[in-house]
Amino acid sequence: MNDPRAKRLLKAWETPKGWRYWSAVNNSEVGLWYTLTAFAFFLFGGVLALIMRVQLALPDNHWLTPDQYNQIFTMHGSVMMFLFAVPILEAISIMLLPEMLGSRDLPFPRLSAYGYWCFLIGGVFVCASLFFGVGPRGGWFMYPPMTTEYQEGIGPDIWLLGLSFIEIASIAAAVELIVGVLKCRPPGMRLNLIPLYAWYILVVAVMILFAFPPLIAGDLLMELERAMDWPFFDVERGGDPMLWQHLFWIFGHPEVYIVFLPSIALVAMIIPTFARTPMAGYGWIVLAAVGTGFLSFGLWVHHMFTTGLPGISIGIFSAASQAVAIPTGVQIFCFIATLLVGRVQRKVCLKFVLAGLATFIIGGLTGVMVAIAPFDYQAHDTYFIVGHLHYVLIGGTIFPIVAGFYYYYPFVTGKRLSERLGNIAFWLMLIGFNVAFFPMHLAGLTGMPRRVHTFPGGMGFELPNLISSIGAFGLGAGFVVLLWDVFRPKGNHPYVPRNVWNAGTLEWSGQVPDHPWGIRSIPIIETRYPLWEQENLMAEIDAGQFYLADAEEGRRETLVTSAVDAELIQCLRVPGPSFLPFWAAVFTGGVFIFSTYHWWMLAGCCSVLSFATIVTWMWTGTAEIPEKETKPVGLGQSLPLYVSGPAAVGWWAMFITMLGDMTAFISLVFGYFFYWTVHEDFPPAHWNGEPVVGAGSLWPLVSVGLGAVAWFAVVMARRWNHNDFILGFYASSSLAVAAALASGVALVWGPYSNGMDPTVHVYSSTTGVLVLWSFVHLILGATMLLYCMARRLFGKMDAEHDADIVNVTLAWHFLLLTVAITGSVLALFPWVA
């Protein structure tokens, strides 16, 4: 390498060596760790499945005790859904998206690293519980009252707190991916030119943002009931287990599409490459993906048809459940059309794609069957459902992911997987899968219930179960062949040619072996398949003829562009290797893990250390004031090094995070009104002879007023900081902090002064959780303001470089809404009701 610019660039993006390797934060390393860890959890979940099939191979089998089976059954579902299906697709996206978008990295690499370490720690904690006999036993759905009244021990707490911790990682990755797709594209790559994979990931990340918070809210309610006896699901004190089912399935059904759409995204990248033609119906596929994501939020009730819902609700949700087949069908027809008009090359990865589509169609058809309420009444909680969901999840997710392994393995390692071993793995998996899961439909139709640890002989269940168990081991043998192919030594294998599949998208522009900089220079993109349709593009990228071909200051940099037209906005400096994300995840994990065992002192210490680590991370790694205002980035252009407001990636991250936070809050408010709909007298005056009291009217309204004062002071603080009126900034900020704390105290004082006991009735407990949520957020809002004041005091924020106070003001808009809704509901709704 003789080009001094390339040497400086390589030095800036160099991967740390030795033990410091684990401080790496760039997408290629974190994405690889994420992928391998998720795949390890997948293998663990697969072994659990085989143990279950051994148990169910014969009738009246007592190889496992019911308790052991319940733990393994629960962990299998939880691991596959929370530790593999969602994380593997986020992992692949973190690894692929920057190169696919011609970006050096995603905008918040330390956030990606933090999410990974949270995922690893939380996953190991949850899985390890199985080896100590304390694993959760309530199924991956954890329905109360089974998990709140009839299970002793800490198993449900491990599930609730451990997986809530992991959900933080999922939401962190979603924020990173949304901002990455919208703001870190190369110039010229307008929204109608981005790879289909990016479109799918954008849809899925938005779905995560709105689907996961209801589950987090449900986790909070259940853990409060288990730890503090607040009766959200206790019928004897006005609670209702149905609320959990609503919150869980508002998450659970979109979850199916959250894992399905990214897999289809891989299909959308593989098919054009092996058909040697651009994807047919690009616009229709985008619309169908958006439509699928939107419709998926209107289907959750079809998991609850047998719970006694009104007929009108069942009719609406039954129709919606069948309607989702339309956008799904559009995507599949576009894939088939592309294959028909192209010149198809028969490769192993394309075989997995076709097997996945065929299998998913079968699962989709049985899905339409169970969307019809009368049929669902017959098939509900039978093995027919087990067969259906595995056809959907393995066909729609696992086969495309395996295809992705074969397709992108050369991208990661520069080597190819064996076509011969791939064919063996393919036939073992395809035959093994169908032998394993098709008989489950028959077993279910003859009446075999699901979630049982054994079954009696003489009822016709023996043969289907024995065949299923044999097929499961065939499927497992296919994965063993795949594993051997992936991990066998390949030191003597030659590197593949550059762009080995002759693909048209930008991620294949990298050299072999590739460099850690992502792309040599960031090009101008004019088409959807630039490697096919822009002449000499790779040569010009290699020659450094585009943007950011150099790193004069030795800093890691990438481009920020506008969300729609990808016009140049900023040269963004991204942070380099650091152990801060690792320690932040360790201490955050300590809070959840020690809380599970009620070791409050240790949990408190971890809270303090986690807070201190995150503040240090933000203090040293965000909103840095540059040594110069602008920088030449190539092609005669100069860009600012610092921007704030809607043009900045930090503003977008705050906006997206607060949307997710607000979704969790609205889920709690939904709970309040859910109880109103199921009770004739809500709130009741008395319950079992005891008075039921809430927060009253006066103090919640006082809290709203003080919250409004705090919000107004924050807005003025931002304005006076921008006008460089320092005294006004400090005065407004101090007033805002005082008003925020006073608002929180007023909110708590209402129920306290009324003598409210959250354990008496669900009205008091649901009032308590709204007060608790808003109080914690007011404390956080005050802390953010103190942080801004410190930044200004130490010269890390001024009138021109004001991203901190701008982002905090944005958060306060949401905070005011939270306080206003809480105060209004608590003070006024009892009068209306």
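In this text, all values refer to a predicted model and were calculated from it rather than measured experimentally.

Calculation notes
- Residues numbered from 1 in each chain as written.
- Predicted model: local features only at pLDDT ≥ 70, side-chain atom pairs only at ≥ 80, totals over all residues.
- Heavy atoms only, no water.
- Helix = DSSP H or I, 4+ residues; strand = E, 2+ residues; numbered from the N terminus.
- Rg over C-alpha atoms; globule rule 2.2 N^0.38 Å.
- Buried < 20%, exposed > 50% of the residue type's maximum accessible area, 1.4 Å probe, protein only.
- Patch = residues over 30% accessible without salt bridge, like charges linked within 9 Å, V, L, I, M, F, W, Y side chains within 5 Å.
- Areas by Shrake-Rupley, 256 points an atom, 1.4 Å probe, with all protein chains shown as cover.
- Salt bridge = Lys/Arg side-chain N within 4 Å of Asp/Glu carboxyl O.
- Phe/Tyr/Trp six-rings, centres within 6.5 Å; stacked < 30°, edge-to-face > 60°.
- Polar contact = N/O pair within 3.5 Å; in protein donor to acceptor, adjacent residues only side chain to side chain.
- Contact = heavy atoms within 4.5 Å.
- Axes fitted to C-alpha atoms, helices over the stretch in contact; angles between N-to-C directions.
- Left-handed = near helix turned anticlockwise from the far one by under 90°.
- Nonpolar A, V, L, I, M, F, W, Y, C, P; charged D, E, K, R; others polar.
- Expected span 1.5 Å × (residues − 1).
- Arc of directions from axis to C-beta.
- UniProt positions renumbered as here; feature names shortened; annotations may be inferred.
- Core = buried A, V, L, I, M, F, W, Y, C linked by side-chain atoms within 4.5 Å.
- Domains from an automatic or database assignment.
- Parallel < 35°, antiparallel > 145°, perpendicular 65-115°, else oblique.
- Pairing = 2+ DSSP bridges.
- Disulfide = S-S within 2.5 Å.

Quick look at the overall build of the chain now. Per the secondary structure count, the chain includes 24 helices and six strands. In summary, the chain has a C-alpha radius of gyration of 27 Å against a globular reference of 28 Å for 833 residues, a match within 12%. Dimensions of the chain, computed from C-alpha atoms along their principal axes, come out at roughly 85 × 80 × 50 Å. Burial statistics for the chain: of 833 residues in total, 61% are counted as buried.

What follows deals with a nonpolar patch on the surface. On the surface, Leu698, Trp699, Val745, Val748, Trp749 and Tyr752 cluster together into a nonpolar patch covering about 630 Å² of accessible area. Elements that contribute at least two residues to the nonpolar patch include exactly helix 21 (698-722) and helix 22 (726-753). Here the nonpolar patch takes four residues from helix 22, the largest share from any one element. Residue position: Val748 is located in helix 22. Overall, the relative accessible area of 33% leaves Val748 in the partly exposed class.

Taken as a whole and assessed by the stated rule, the structure comprises 77 aromatic pairs. Here the aromatic rings of Phe41 and Phe119 are separated by 5.5 Å at their centres, their planes lie at 80 degrees, and the arrangement is edge-to-face. One end of the pair, Phe41, is in helix 2 (residues 27-55); the other, Phe119, is in helix 4 (residues 109-128), with 78 residues separating them in the sequence. As far as burial versus exposure is concerned, Phe41 and Phe119 are alike and both buried. Arranged with centres 5.9 Å apart and planes meeting at 25 degrees, the rings of Trp583 and Phe587 form a pair that is stacked. Linking Trp583 with Phe587, this pair stays in helix 18 (residues 580-596), spanning four residues, or about one helical turn. Overall, Trp583 belongs to the partly exposed group, its relative accessible area being 43%.

Moving on, we get to the side chain of Thr505. In this fold, Thr505 is placed in the loop between helix 15 (462-487) and helix 16 (530-533). Using a relative accessible area of 5% as the deciding quantity, one classes Thr505 as buried. There is a polar contact of 3.0 Å between the side chain of Thr505 and the side chain of Glu507. Here Thr505 is in contact with Met269, Arg528, Tyr529, Pro530 and Leu531, once residues within four sequence places are set aside.

For the rest of this paragraph, the subject is the packing of helix 2 against helix 13 (residues 383-413). Relative to each other, helix 2 and helix 13 sit at 145 degrees, their axes nearing to 13 Å. Relative to helix 13, helix 2 is oriented so that their crossing is left-handed. Of the residues in helix 13, those in contact with Leu32, Thr35, Phe39, Phe42 and Arg53 of helix 2 are Tyr383, Ile398, Phe405 and Val412. Residues that form the contact of helix 2 with helix 13 fall into these classes: seven nonpolar, one polar and one charged.

Below, the discussion takes up helix 9 (residues 311-323). Between the first and last C-alpha of helix 9 there are 18 Å, a value that for 13 residues agrees with the 18 Å anticipated at 1.5 Å per step. Among all positions in helix 9, only Ile314, Phe317, Ser318, Ala320 and Ser321 are buried. Summarising the axial view, the buried residues of helix 9 lie within an arc of 165 degrees, below the 170-degree limit, and thus occupy one face. In helix 9, those exposed residues whose orientation departs by more than 90 degrees from the buried face are Gly311, Ile312 and Ile316. Those residues of helix 9 that are buried are in contact with helix 10 (325-341), helix 11 (348-371) and helix 12 (373-379).

Here we come to helix 10. In a regular helix each residue adds 1.5 Å, so 17 residues correspond to 24 Å; helix 10 covers 24 Å between its end C-alpha atoms and thus fits that length. Where helix 10 is concerned, the buried positions are Pro327, Thr328, Gly329, Gln331, Ile332, Cys334, Phe335, Thr338 and Leu339.

In this structure's numbering, the residues bearing the UniProt feature "domain: Cytochrome oxidase subunit I profile" (unreviewed entry) are residues 13-526. The distance from the first to the last C-alpha atom of residues 13-526 is 27 Å, and the span holds 66% helix and 0% strand.

The next thing to look at is the nonpolar core. Grouped together as the largest cluster of nonpolar side chains are 251 residues, with contacts concentrated most on Trp244 and Phe335. For this core, the element with the highest residue contribution is helix 7 (residues 242-275), accounting for 23 residues. Two domains each put at least three residues into this core: domain 1 (580-612) and domain 2 (659-831). When near neighbours in sequence (up to four residues on either side) are disregarded, Phe335 contacts Tyr200, Ile264, Val267, Ala268, Ile271, Met279, Ile285 and Leu357. Ranked by size, the runner-up nonpolar core spans 20 residues in total, among them Ala710, Ala713, Phe729 and Met797.

A word on the pattern of salt bridges. As enumerated under the stated definition, the model contains 23 salt bridges in all. In this structure, the salt-bridge partner of Lys628 is Glu553, at a minimum N-O distance of 2.6 Å. Of this pair, Lys628 sits in the loop between helix 19 (600-621) and strand 3 (630-634) while Glu553 is found in the loop between helix 17 (537-542) and strand 1 (557-561), placing the two residues 75 residues apart along the sequence. Since its relative accessible area comes to 29%, Lys628 is described here as partly exposed. A relative accessible area of 28% means that Glu553 is categorised as partly exposed.

All right, on to the environment of Ile51 then. Relative to the assigned elements, Ile51 resides in helix 2. Expressed as a C-alpha distance, the spacing of Ile51 and Phe674, which sit 623 residues apart in the sequence, is 40 Å.

The next subject is the environment of Gly636. Among the secondary structure elements, Gly636 is positioned in the loop between strand 3 and strand 4 (637-640). The exposure class assigned to Gly636 is exposed, which follows from its relative accessible area of 83%. Remark: the alpha-carbon pair of Gly636 and Ser263, spanning 373 residues in sequence, is separated by 40 Å.

Two packed helices can be described by the angle between their axes and the distance between those axes. Between helix 13 and helix 14 (residues 419-445), whose axes approach to 7 Å, the crossing angle comes to 165 degrees. Accordingly, the angle class assigned to the pair helix 13 and helix 14 is roughly antiparallel. The way helix 13 lies across helix 14 gives a crossing that is left-handed. Looking at the contact of helix 13 with helix 14 residue by residue, the class counts come to 18 nonpolar, seven polar and no charged.

A cis amide bond links Pro144 with the next residue in sequence, Pro145, at an omega value of 5 degrees. Each neighbour pair has its own omega, and for Val512 with Pro513 the value is -10 degrees, a cis peptide bond. Looking at the element boundaries, Pro513 is found in the loop between helix 15 and helix 16. Of note, Asn502 is a non-glycine position whose phi angle comes to about 55 degrees, a positive value. Structurally, Asn502 is set in the loop between helix 15 and helix 16. With phi around 60 degrees, His598 is a residue other than glycine that occupies positive phi space. In this fold, His598 is placed in the loop between helix 18 and helix 19.

So, about the pairing of strand 3. The pairing of strand 3 with strand 4 spans four bridges and is classified as antiparallel. Bridge assignment links Lys631 to a residue of strand 4, and that residue is Leu639. In textbook terms, the turn of a hairpin is the stretch between consecutive antiparallel strands, and for strand 3 and strand 4 this stretch comprises two residues, one of which, Leu635, has a positive phi near 55 degrees.

Looking at the element boundaries, His761 is found in the loop between helix 22 and helix 23 (762-793). His761 gets classed as buried once you look at its relative accessible area, which sits at 1%. Here the side chain of His761 touches Tyr763 through a polar contact of 2.9 Å, landing on its backbone nitrogen. For His761, the contacting residues outside a window of four places in its chain are Pro231, Arg237, Gly238, Phe682, Pro684, Trp687 and Val692.

Evaluated as defined, the whole model comprises zero disulfides. The thiol sulfur of Cys127 is not disulfide-bonded, and the nearest other cysteine sulfur, from Cys118, lies at 16 Å. For Cys127, a relative accessible area of 6% corresponds to the buried category.

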